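Architecture and fold: a report
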Amino acid sequence: MPFHPEIASRLPLLDGIPSIREALEDPELLARLQAFDAYPDATRPPQVATDEVSIPGPHGPVPVRIYWPDDEPSARRTGFVWVHGGAFKFGDLDMNEADWTARELAARAGAVVVSVDYRLAVDGITYPIPLDDVVAAVHWVRNNLEYLGIRSVSLGGASAGGHLAASAALRLRDEDDWLPEHLILVYPNVHFDLPAPSKSLQAARAELPPCLKIPPEFHRSTRENYLGETRPQDSPYAMPGGADLTGLGPTLVLNAEYDDLRASGEAFSASLAAAGVDTEQVMVQGVLHGFLNLSKDFEPVDEALALMARRLRSENGC
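One structure accompanies this document, and this report is about it. What you see is a predicted model, and the numbers here were worked out from it, not measured in a lab.

**A look at the nonpolar core**
- Grouped together as the largest cluster of nonpolar side chains are 51 residues, with contacts concentrated most on Leu131, Val141, Leu148, Leu155, Leu164 and Tyr226.
- It is helix H7 (residues 160-176) that provides the largest number of residues to this core, a total of eight residues.
- Contact partners of Leu164, with chain neighbours within four places excluded, come to Val83, Phe88, Tyr118, Pro130, Leu131, Val134 and Tyr226.
- Grouped together as the second largest cluster of nonpolar side chains are 48 residues, Val48, Ala109, Leu212 and Val301 included.

Here it is, written out as structure tokens:
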């Protein structure tokens, strides 16, 4: 499928930009890249009630934001722990991928969404600290079912957040004998080295402007920065793409069509299925990596949010 028309109409803005790295160092190129990503007229997400909470973690307090659905307080809904992306080095609770996604799922699925502001891999912070924060958030949600008004807990994340969500599910399986009701991974990046791309991904990649491609060296550098002194083989939770996936619960994987990292999501989906995990893999067509930072005005984004909400609604008997 070709690029979504709105994305295709903006591609000329990227002409002559050799890479994201060079764009970040050149004000003129950076302005064009920012214009490509800017959608000031996008429809805003639903307005739902939120609370800022600081929960205990092994490395100090972990900020989370709770999104409450507009239901009766006594209604028992599912909980959903959500983890944003950003190459382990960027992102926060206010980015669209975190805030807009949480608002949409609270409204669409009637879910209590807990978005995690885990410590980023900067200033000497490395694995397992970000993962510890995510695991601590899941523990807190599980220990506060009555306060949150929920009866089950699902877990999910996007990009690097998908990596952390998958790692957390594996750790909780092994350490607590517990599994999330559903695991939802959106354009996840779970391998140290990207697997070989499928033929369809090779064709899609050929259409990408140079600055939208993710070179292998950039991918590896983000992994090395996150891992620090840890090697992938040192821990089964450091790189979930190489872990034993046996026994994980139902998993939904959403990949972006025009995304180098789709190779990781596709390979992980295949590994999940081979391990006997109930796995649904969906390729969201016409969009790039990070599409949850766009609004529901984009039909593929709206459809992806609907798929995620349908998974969560299934826990509510709806």
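**Observations regarding the environment of Arg103**
- Locating Arg103 in the fold gives a position in helix H4 (residues 96-109).
- Taking the C-alpha atoms as reference, Arg103 lies 6.4 Å from Val48; in sequence the two are 55 residues apart.
- Excluding anything up to four places from it in sequence, Arg103 contacts Pro45, Pro46, Gln47, Val48, Thr50 and Tyr67.

**Quick notes on the environment of Arg65**
- Among the structural elements, Arg65 can be located in strand E2 (residues 62-68).
- Among the residues examined, Arg65 registers a relative accessible area of 10% and is labelled buried.
- The residues touching Arg65, leaving out its near neighbours within four places in the chain, are Thr50, Asp51, Glu52, Leu93, Asp94, Asp99, Val113, Val114 and Ser115.
- Looking at Arg65, its side chain comes within polar contact range of the side chain of Glu52, at 2.6 Å.
- Of note is the side chain of Arg65, whose polar atom sits 3.3 Å from the side chain of Tyr67.

**With respect to the pattern of salt bridges**
- Summed over the entire model, instances satisfying the criterion amount to 20 salt bridges.
- Put simply, Arg119 and Asp133 hold a salt bridge, and the shortest N to O gap is 2.9 Å. Separated by 14 residues along the polypeptide, Arg119 in the loop between strand E4 (112-116) and helix H5 (129-142) and Asp133 in helix H5 bring together distant segments of the chain.
- Looking at Asp133, the relative accessible area reads 0%, which means it is buried.
- Put simply, Arg220 and Asp193 hold a salt bridge, and the shortest N to O gap is 2.6 Å. Of the two residues, Arg220 sits in helix H9 (residues 216-227) while Asp193 sits in the loop between strand E6 (183-186) and helix H8 (199-206), which places them 27 residues apart along the sequence.
- With relative accessibility at 31%, the residue Arg220 sits in the partly exposed group.

**Structural notes on the packing of aromatic side chains**
- Taken as a whole and judged by the stated rule, the model has eight aromatic pairs.
- Seen in terms of ring centroids, Phe88 and Tyr226 are 4.0 Å apart; in terms of plane orientation they differ by 10 degrees. Their pairing is stacked. Linking Phe88 in the loop between strand E3 (77-83) and H4 with Tyr226 in helix H9, this pair joins segments that are 138 residues apart in sequence.
- Judged by relative accessible area, Phe88 falls into the buried class, the value being 1%.
- With centroids separated by 5.8 Å and ring planes inclined at 75 degrees, the aromatic side chains of Tyr127 and Tyr226 adopt a geometry described as edge-to-face. Residue Tyr127 is found in the loop between E4 and H5, and its partner Tyr226 is found in helix H9; the two are separated by 99 residues along the sequence.

**Looking at H5**
- The end-to-end C-alpha distance of H5, which contains 14 residues, comes to 20 Å, matching closely the 20 Å that a straight helix rising 1.5 Å per residue would cover.
- Of all the 14 residues making up H5, 11 are buried; the element is thus mostly covered by neighbouring parts of the structure.
- Three or more residues of H5 are buried, namely Pro130, Leu131, Asp132, Asp133, Val134, Val135, Ala136, Ala137, Val138, Trp140 and Val141.

**Some details on helix H3 (residues 27-37)**
- By the burial criterion, the buried members of H3 are Leu29, Arg32, Leu33 and Phe36. One side of H3 carries all its buried residues, which in axial view fall inside an arc of 100 degrees.
- N-cap assignment for H3: the residue whose side-chain oxygen lies 2.9 Å from the backbone N of Glu28 is Asp26.

**Observations concerning the packing of H4 against helix H11 (residues 299-313)**
- Viewed as axis vectors pointing N to C, H4 and H11 meet at an angle of 55 degrees, and their least axial separation amounts to 9 Å. Here H4 lies oblique to H11, going by the angle between them. Every pair of crossing elements has a handedness; the one defined by H4 and H11 is right-handed. Here Thr101, Glu104, Leu105, Arg108 and Ala109 of H4 come into contact with H11, specifically with Asp302, Leu305, Ala306, Met308, Ala309, Leu312 and Arg313.
- In terms of residue class, the contact of H4 with H11 is made up of seven nonpolar, one polar and four charged.

What counts as what
- Residues numbered from 1 in each chain as written.
- Predicted model: local features only at pLDDT ≥ 70, side-chain atom pairs only at ≥ 80, totals over all residues.
- Heavy atoms only, no water.
- Core = buried A, V, L, I, M, F, W, Y, C linked by side-chain atoms within 4.5 Å.
- Buried < 20%, exposed > 50% of the residue type's maximum accessible area, 1.4 Å probe, protein only.
- Helix = DSSP H or I, 4+ residues; strand = E, 2+ residues; numbered from the N terminus.
- Contact = heavy atoms within 4.5 Å.
- Polar contact = N/O pair within 3.5 Å; in protein donor to acceptor, adjacent residues only side chain to side chain.
- Salt bridge = Lys/Arg side-chain N within 4 Å of Asp/Glu carboxyl O.
- Phe/Tyr/Trp six-rings, centres within 6.5 Å; stacked < 30°, edge-to-face > 60°.
- Expected span 1.5 Å × (residues − 1).
- Arc of directions from axis to C-beta.
- Axes fitted to C-alpha atoms, helices over the stretch in contact; angles between N-to-C directions.
- Parallel < 35°, antiparallel > 145°, perpendicular 65-115°, else oblique.
- Left-handed = near helix turned anticlockwise from the far one by under 90°.
- Nonpolar A, V, L, I, M, F, W, Y, C, P; charged D, E, K, R; others polar.

Scope: geometric values only; no functional claims are made or implied.
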